Amino acid sequence: MMKKVLALCLSGYSALALAGFDVVALGVDGGVSDGNLTSYLIRNDSQPQYLALDAGSLLPGIAKGLEKGSFPQVTLELAAPYTQQGYIFRQLIGAYFISHGHLDHVAGLIIGAPEDTKKNIYAQADTILTLRNHYFNWKAWPNFTDSGNGSRLGTYRLQTVRPQQRVTLGVTGLSGVMYPLSHDRYPSSMLLVSDRSGSFAYFGDTGADALEQSRNLDSAWRVLGPLIEQKKLKGMIIETSYPNEVEDKKLYGHLTPAWLLKELKSLTQYSGGEGSLKDFPVVISHIKPSLKQGEDVRATIKQQLDQGNNLGVKFLLMEQGERQTF
């Protein structure tokens, strides 16, 4: 442990160098790109280990992060006998939170399981059942968990998280409270991650309340609003899968810039009213790539968000491997 602490301090990762939460994007696309699927690492400024927020792509994202200098604390000496990539995957990811059971949020976890170390996976009940019954079942993949069918290899301990009940997230030094979301009527979830200094919100896939015939996002805003007003919420990651041109009936439980801005407008009701979201950081995730010539969906979505942004929100489109502090 002293070796780790010394390495962190020497690389400029002392508590004084960071402000709150350290986030590394391991995967930012919403499907199709199998090496760049939704996954983010988060940690507080006093702990070496990260919590993985979804796990669509892990090892490719770690490799990209190393290329971009997002893990300066991990030297070859520290990582030995493993590669830097292997050390981060095996030793610095301390636990996983999986927002829902769709493949683009779990593929990296499943594929990487044979080389992983013992860790907890936190998720709502439906997601735990999906992992147990449909992935780690000796048909899709060997059972690397501690429950379910056949021989249980026990790498992962499946931990069911109940809505609105705080849970300690493994050895990451973080705790979290899970709130349900609706994703084309399919259960998804938001995790409100907290440490001593503040909180950060991570949203799995979600549609707008009006389209989902739900009040799940409204319930989330009621929780997050007061934290924004008190300057305790450091930021959020939320999806915007499609540009505004996609019809509502073809969104399948996802957001567009227009729908996100409408939902964020609702958030202001609970966060102090007009101007309360000025400079509040919102990371846009899960953008679905286009395979058509001349279409840059990320640029289109960024432009549409900026054009409609009368709230003063600070929209961030992180690239794979990029690190941000909040």
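Residues numbered from 1 in each chain as written. Predicted model: local features only at pLDDT ≥ 70, side-chain atom pairs only at ≥ 80, totals over all residues. Heavy atoms only, no water.

### Focus on the sheet that holds strand 7 (residues 167-168)
Moving on, step 1. The strand order 7-8-9-10-11-12-13 describes an open sheet built from seven strands, whose pairing is mixed. Two strands bound the open sheet, and with one partner strand each, they are strand 7 and strand 13 (314-316).
Moving on, step 2. With four bridges connecting them, strand 11 (residues 233-239) and strand 12 (residues 281-285) associate as parallel partners. Its bridge partner being in strand 12, methionine 236 is matched across the sheet by valine 282.
Moving on, step 3. Contacts from helix 9 (residues 257-271) reach strand 11, strand 12 and strand 13, with the element oriented near 140° to strand 13. (Pairing = 2+ DSSP bridges. Helix = DSSP H or I, 4+ residues; strand = E, 2+ residues; numbered from the N terminus. Contact = heavy atoms within 4.5 Å. Axes fitted to C-alpha atoms, helices over the stretch in contact; angles between N-to-C directions.)

### Remarks on the confidence of the model for the protein chain
Moving on, step 1. In this model, the protein chain carries an average pLDDT of 94, and 94% of its residues clear a pLDDT of 70 or more.
Moving on, step 2. Here residues 1-18 is a poorly scored stretch, pLDDT under 50, and it has 26 contacts once near neighbours within four places are set aside; other chains count. (pLDDT = per-residue confidence, 0-100.)

### Looking at the packing of aromatic side chains
Moving on, step 1. Evaluated as defined, the whole model comprises eight aromatic pairs.
Moving on, step 2. For the ring pair tyrosine 40 and tyrosine 202, a centre distance of 6.3 Å and an interplane angle of 55° mean the geometry is tilted. Of this pair, tyrosine 40 sits in strand 2 (residues 39-44) while tyrosine 202 is found in strand 10 (residues 199-203), placing the two residues 162 residues apart along the sequence.
Moving on, step 3. Residue class for tyrosine 40 comes out buried when judged on its relative accessible area of 0%.
Moving on, step 4. Note on tyrosine 202: relative accessible area 1%, which makes it buried.
Moving on, step 5. Pairing tyrosine 50 with phenylalanine 71 gives two aromatic rings, centres 6.0 Å apart and planes at 85°, and the pair type is edge-to-face. You can see tyrosine 50 sitting in strand 3 (residues 50-53) and its partner phenylalanine 71 sitting in the loop between helix 2 (59-67) and helix 3 (76-79), a full 21 residues away along the chain. (Phe/Tyr/Trp six-rings, centres within 6.5 Å; stacked < 30°, edge-to-face > 60°. Buried < 20%, exposed > 50% of the residue type's maximum accessible area, 1.4 Å probe, protein only.)

### Quick look at helix 6 (residues 125-135)
Moving on, step 1. Residues of helix 6 that are buried: Thr127, Ile128, Thr130, Leu131 and Tyr135. One side of helix 6 holds all its buried residues, which, seen down the axis, span an arc of 160°.
Moving on, step 2. Close packing links the buried residues of helix 6 with helix 5 (107-112), strand 5 (119-123), strand 6 (156-160) and strand 9 (186-194). (Arc of directions from axis to C-beta.)

### Quick look at the nonpolar core
Moving on, step 1. If you look at the biggest cluster of nonpolar residues, it comprises 38 residues, and the most contacted ones within it are Met190, Phe203, Trp221, Leu224, Met236, Leu264 and Phe315.
Moving on, step 2. Contributing elements (two or more residues each) for this core: strand 8 (175-183), strand 9, strand 10, helix 8 (216-229), strand 11, helix 9, strand 12 and helix 10 (297-308).
Moving on, step 3. When sequence neighbours within four positions are dropped, the list of residues in contact with leucine 224 reads Met190, Leu192, Ala201, Phe203, Leu233, Met236 and Leu267.
Moving on, step 4. Of all hydrophobic cores here, the second largest spans 32 residues; its members include Val24, Tyr87, Ile93 and Ile121. (Core = buried A, V, L, I, M, F, W, Y, C linked by side-chain atoms within 4.5 Å.)

### Observations regarding the pattern of salt bridges
Charged atoms that come close allow side chains of opposite charge to pair.
Moving on, step 1. In this structure the tally under the stated criterion is eleven salt bridges.
Moving on, step 2. Salt-bridge contacts for aspartate 218 lead to arginine 215; the nearest nitrogen and oxygen are separated by 3.0 Å.
Moving on, step 3. Judged by its relative accessible area of 55%, arginine 215 falls in the exposed class.
Moving on, step 4. Connected via shared salt-bridge partners are Asp22, Arg43 and Arg323. (Salt bridge = Lys/Arg side-chain N within 4 Å of Asp/Glu carboxyl O.)

### Here's the deal with the side chain of glutamine 73
Moving on, step 1. Inspection of the secondary structure assignment puts glutamine 73 in the loop between helix 2 and helix 3.
Moving on, step 2. The class for glutamine 73 is buried, based on a relative accessible area of 1%.
Moving on, step 3. Within the structure, the side chain of glutamine 73 is placed 3.1 Å from the side chain of tyrosine 50, a separation counted as a polar contact. (Polar contact = N/O pair within 3.5 Å; in protein donor to acceptor, adjacent residues only side chain to side chain.)

### Digging into the sheet that holds strand 5
Moving on, step 1. On the basis of which strands lie adjacent, the open sheet formed by seven strands has the order 6-5-4-3-2-1-14 and mixed pairing. This sheet does not close on itself; its edge strands, each paired only once, are strand 6 and strand 14 (323-325). Going across the sheet, the axis of each strand differs from the next one's by a mean of 25°, ignoring polarity.
Moving on, step 2. Where strand 2 lies against strand 3, three bridges are found, and the strand directions are antiparallel. Counterpart to tyrosine 40 in the pairing with strand 3 is leucine 53.
Moving on, step 3. The strands touched by helix 4 (residues 84-92) within the sheet are strand 3, strand 4 (93-97) and strand 5, with strand 4 carrying the most contacts at an inclination of about 65°.

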